[in-house]
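Chain by chain, the residues:
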Amino acid sequence: MYLGCTVWQTSTAGQTPNNHTKRTMSTDVAIPEGKRLNKYGDLENLDLTVEDWMTRWEKKHIGFHKHEIHKLLQKHLDTILNGRKQICIFIPLCGKSLDMKWLADQGHTVVGVEVSKIAVKELFAEQNLSYTQEPVPGIPGAEVFKSSDGQLSLFNCDMFEFSSLIAGKFDGIWDRGSLVAINPSDRQRYAKLMTKLMANGCQYLLDTVAYDQNKCAGQSCNIQLIETTDALTDRQRSWGLDSFIEQIHLVTLKTDVDSCAFMEEHKLH
Ligand code: SAH
């Protein structure tokens, strides 16, 4: 299958393409079925696998990483806390987000899940945190990295292998960048898993970059849009966009149900 402007380039006009033909970003390349050429010039799967994510970390293709505490988290932390102090906060698909140490420094217990070991190690190294590293009973091959003060635990595993059996349920959740990272076919599974990780009274702050407010009511979860902000920067302009809206939602359990179908019900894509 050929996509977009991508066809085999011949090194000399009129020559037949062959296996030695050089492929570059600026010229034309063949894109196999089910793959795309990403903005770094690499072929990757249309639905990113955990291996694709690990490769992105190896190649430092981590444009999503912010070098500052997320402003909307700072602004809305009180919503997560809801009057409580020193709560247990979950950060799914955490990367090496600076938000985690910022929360831990305020006395909260922070638990993250990240599939890339590079990301986990970089977080501890860049934050100058000493840590212990142990296998996780119940998840073959997984490891938990714990800061020496015990405030921060990062589980290095696939999110879909994580559950409340591993680290209990959480009082608060800060979720930024997961919905775009999770493949559409996994969103229902993700929503169900996240709901099972919510303790009663959990305040779940969900950051998305595209969301239809009219589709925002769920049967088993309350979803409230609490902030919409213009997040357009040169990075998004370089993707050809002239509008990029970031939104913060508060998700709370309506009842202590074990299934939250809000993303499926409301076609949150
Ligand atoms: N929340 C972070 C990172 C968002 S990017 C931030 O705000 O910076 C998504 C992250 O999820 C990447 O670091 C990627 O390696 C990780 N990831 C993708 N799929 C995953 C999975 N199935 N399980 C665990 N981590 C995953």
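The notes below deal with the structure included here. (Residues numbered from 1 in each chain as written. Predicted model: local features only at pLDDT ≥ 70, side-chain atom pairs only at ≥ 80, totals over all residues. Heavy atoms only, no water.)

Here we come to the overall build of the protein. When you go through the protein residue by residue, the secondary structure sums to 8 helices and 11 strands. Per-residue burial over the protein gives 45% buried out of 269 residues. Sequence-distant contacts, at least 24 apart, represent 62% of the contacts inside the protein between residues at least 6 apart. Carbon together with sulfur atoms contributes 50% to the accessible area of the protein, which is approximately 14000 Å² in total. (Helix = DSSP H or I, 4+ residues; strand = E, 2+ residues; numbered from the N terminus. Buried < 20%, exposed > 50% of the residue type's maximum accessible area, 1.4 Å probe, protein only. Contact = heavy atoms within 4.5 Å. Areas by Shrake-Rupley, 256 points an atom, 1.4 Å probe, with all protein chains shown as cover.)

Here the focus is the pairing of strand 9 (residues 198-208). For strand 9, a buried count of 9 out of 11 residues is recorded, marking the element as mostly surrounded by other parts of the structure. Looking at chain direction, strand 8 (residues 170-176) and strand 9 are connected through 6 bridges and run parallel. In the strand pairing of strand 9, Phe170 is matched with Met198. You can see the chain leave strand 8, run along helix 6 (residues 187-196) and come back into strand 9, and the turn it takes is right-handed. With 5 bridges connecting them, strand 9 and strand 11 (residues 245-253) associate as antiparallel partners. If you follow Tyr204 over to strand 11, its bridge partner there is Val251. (Pairing = 2+ DSSP bridges. Right-handed = clockwise from strand over helix to strand, strands pointing away.)

A few words on the side chain of Gln203. The topology assignment puts Gln203 in strand 9. Taking relative accessible area as the criterion, Gln203 reaches 10% and is therefore assigned buried. Setting aside residues no more than four positions away along its own chain, Gln203 makes contact with Thr79, Ile80, Asn82, Arg84, Asp171, Gly172, Ile173, Leu250, Val251 and Thr252.

Within the structure shown, the criterion is met by 0 disulfides. With no disulfide of its own, Cys88 has Cys202 as its nearest cysteine by sulfur position, at a separation of 9.8 Å. The class for Cys88 is buried, based on a relative accessible area of 18%. Cys94 takes part in no disulfide bond, and the closest cysteine sulfur, belonging to Cys157, lies 9.6 Å away. Here Cys94 falls in the buried class, since its relative accessible area comes to 5%. (Disulfide = S-S within 2.5 Å.)

Attention now goes to the site of the ligand. Taken together, 15 residues sit near the ligand, with Leu93, Glu114, Asp158, Met159 and Arg176 positioned nearest. Within the backbone of Leu93, one N or O atom sits 2.8 Å away from a nitrogen atom of the ligand. Separating a nitrogen atom of the ligand from a backbone N or O atom of Arg176 is a distance of 2.7 Å. Considering the ligand on its own, with 570 Å² of exposed area, one finds that the protein chains cover 96% of that surface. The element that contributes the greatest number of residues to the shell around the ligand is helix 1 (residues 50-58), accounting for 3 residues. Residue composition of the shell around the ligand, grouped by class: 10 nonpolar, 2 polar and 3 charged. (Near = heavy atom within 4 Å. Polar contact = N/O pair within 3.5 Å; in protein donor to acceptor, adjacent residues only side chain to side chain. Nonpolar A, V, L, I, M, F, W, Y, C, P; charged D, E, K, R; others polar.)

If you walk through the whole model with that rule in mind, you get 11 salt bridges. Asp42 is the partner of Lys59 in a salt bridge, and the nearest nitrogen-oxygen pair spans 3.3 Å. A residue pair is termed long-range when its members are at least 10 positions apart, and Lys59 in the loop between helix 1 and helix 2 (71-81) and Asp42 in the loop between strand 1 (35-37) and strand 2 (43-45) qualify at 17 residues. One salt bridge in this structure joins Glu68 and Lys71, with 3.3 Å as the shortest N-O distance. Looking at Glu68, the relative accessible area reads 40%, which means it is partly exposed. Residue Lys71 is classed as exposed on the basis of its relative accessible area, which comes to 53%. One salt-bridge network, in which partners are shared between bridges, spans Lys60, Lys96, Glu122 and Glu126. (Salt bridge = Lys/Arg side-chain N within 4 Å of Asp/Glu carboxyl O.)

To continue, consider the packing of aromatic side chains. Scanning the model with the defined rule gives 9 aromatic pairs in all. Feature note: the residues Phe90, Phe155, Phe162 and Phe170 constitute an aromatic cluster, connected by ring pairs. Geometry around Trp53 places Arg56 over its ring, the cationic atom sitting 5.4 Å from the centre. The aromatic ring of Phe160 is capped on one face by Arg189, whose charged end is 4.0 Å from the ring centroid. (Phe/Tyr/Trp six-rings, centres within 6.5 Å; stacked < 30°, edge-to-face > 60°. Lys NZ or Arg CZ within 6 Å of the ring centre and 35° of its normal.)

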